[in-house]
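What follows is the residue order along each chain.
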Amino acid sequence: MRGVDIFQEALFTTIQLESFVPKDHPLRPIKAMLDEAMKELNWLFSSIYAETGRESIPPERLIRAQLLQVLYSIRSERQLVEQINYNLLYRWFVGLTIDDTVWNHSVFSINRDRLLEHNVVGELFEEVVALARKRDLLSDEHFSVDGTLIQAWAPQKSYRRKDDDQPPSGGGRNREANFHGEKRSNATHESKTDGDARMARKGPGKEARLSYMGHTVMENRHGLIVKAAASEATGTAERDIALDLLTTLPGRKKRTVGADKNYDTADFVKRCRGLKVTPHVARNDNRPGGSAIDGRTSRHDGYHVSQRNRKRVEEPFGWGKTVGLIRQVKCRGLEKVNSVFMMTMIGWNLTRMRTLQG
């Protein structure tokens, strides 16, 4: 017998949102780990909100929503709020019921900026790493470092001389700008729409783009990120930020750090050894003066193991640029870019931990 196509909702329903999410859905363990990490931040959440006044969006829901944006490649906060409104899986993950009203996207952005002011994402990253350490998923002796370019949300036409306050001539919104033959450098030019972005290129012969840099320290056992930061894209940022991050590693054990040829400089090698970190840096024998790594280091089997494992440090960058939000960030300013980068690395760690624990 043919069914009748009549849409008529029941006056009451007893179906719970939880029942729509399969028991083996991959978001379930991620949500459990995220909630466990956020419990350790109750002191921080309490300190940044007043005890009286109008209730804000709970910070836990803001964080879950931001993580959803990373995990499902949602390009904007406007689209994120729209999809939470009609996607039952997203509602369940964020912590909303079917009847709850979803926030306006501008309200979401205002509340998110409060978390940004108090470095909540940075503290959450540390708690996720502590959770991985608690579950014995981290190595405390062998690490790898690397950096990657993050394309800025700024057009090439905005890159003009620092003393040039006049916009390009011509009509329309997309005005003409001819910079061919002009010598441009970060010393004399800047972006008029994103002052923290710097012109950088991936290598010789590659096009230069307005960019930031993302830096990570990966532990070699399971490929989890234990330290992360974004910075301005300068020629020495990879080495400088790597040293800063290595300095903050807990414990006093002797360590090794694998890295590519860009880190093969006398200063980086010397400063690593000053931190009691053995630099297992890829030898760049073609550089002027030869490699800073001699046979006393490169002859050992551990050096070659580090060189094999350090290539895995590229995996979080690849994941972050295809699944996450760091191929080209849709925000401006180093502080916001750093928050997006850190949240992307949190997403990588939680996804990786879920896989490791079956």
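Here the structure is a predicted model, which means the values were calculated and not measured.

Trainee: Would you mind going over the packing of aromatic side chains with me for this structure?
Mentor: Each pair of aromatic rings is reported with the distance of its centres and the angle of its planes. Summed over all chains, the structure comprises five aromatic pairs. Plain terms: the ring middles of Trp-319 and Trp-348 are 6.1 Å apart, the flat faces sit at 65° to each other, and that makes the pair edge-to-face. Placement of Trp-319 in helix α12 (residues 314–322) and of Trp-348 in helix α13 (residues 334–356) is noted, with a sequence separation of 29 residues between them. With a relative accessible area of 10%, Trp-348 lands in the buried category. The ring of Trp-92 has Lys-31 sitting right over it, with the charged end atom 5.6 Å from the ring centre.

Trainee: What exactly am I supposed to notice about helix α1 (residues 27–39) here?
Mentor: Owing to its 3.6 residues per turn, the α-helix aligns residues three or four sequence positions apart on the same side. Between its terminal C-alpha atoms α1 stretches 18 Å, which fits the 18 Å expected from 13 residues at 1.5 Å a residue. For α1, the complete set of buried residues consists of Leu-27, Arg-28, Ile-30, Lys-31, Met-33, Leu-34, Asp-35, Ala-37 and Met-38.

Trainee: Is there a simple way to think about unusual backbone geometry in this case?
Mentor: The phi dihedral of Ser-73 falls on the positive side, at around 55°, and the residue is not glycine. For Ser-73, the position within the fold is in the loop between α3 (59–71) and α4 (77–86). Positive phi, normally seen in glycine, also occurs at Asp-136, with a value near 60°. Structurally, Asp-136 is set in the loop between α7 (120–134) and β1 (142–151). The exposure class assigned to Asp-136 is exposed, which follows from its relative accessible area of 55%.

Cut-off values and rules
Residues numbered from 1 in each chain as written. Predicted model: local features only at pLDDT ≥ 70, side-chain atom pairs only at ≥ 80, totals over all residues. Heavy atoms only, no water. Phe/Tyr/Trp six-rings, centres within 6.5 Å; stacked < 30°, edge-to-face > 60°. Helix = DSSP H or I, 4+ residues; strand = E, 2+ residues; numbered from the N terminus. Buried < 20%, exposed > 50% of the residue type's maximum accessible area, 1.4 Å probe, protein only. Lys NZ or Arg CZ within 6 Å of the ring centre and 35° of its normal. Expected span 1.5 Å × (residues − 1).

All quantities given are derived from atomic positions and should not be read as evidence of function.
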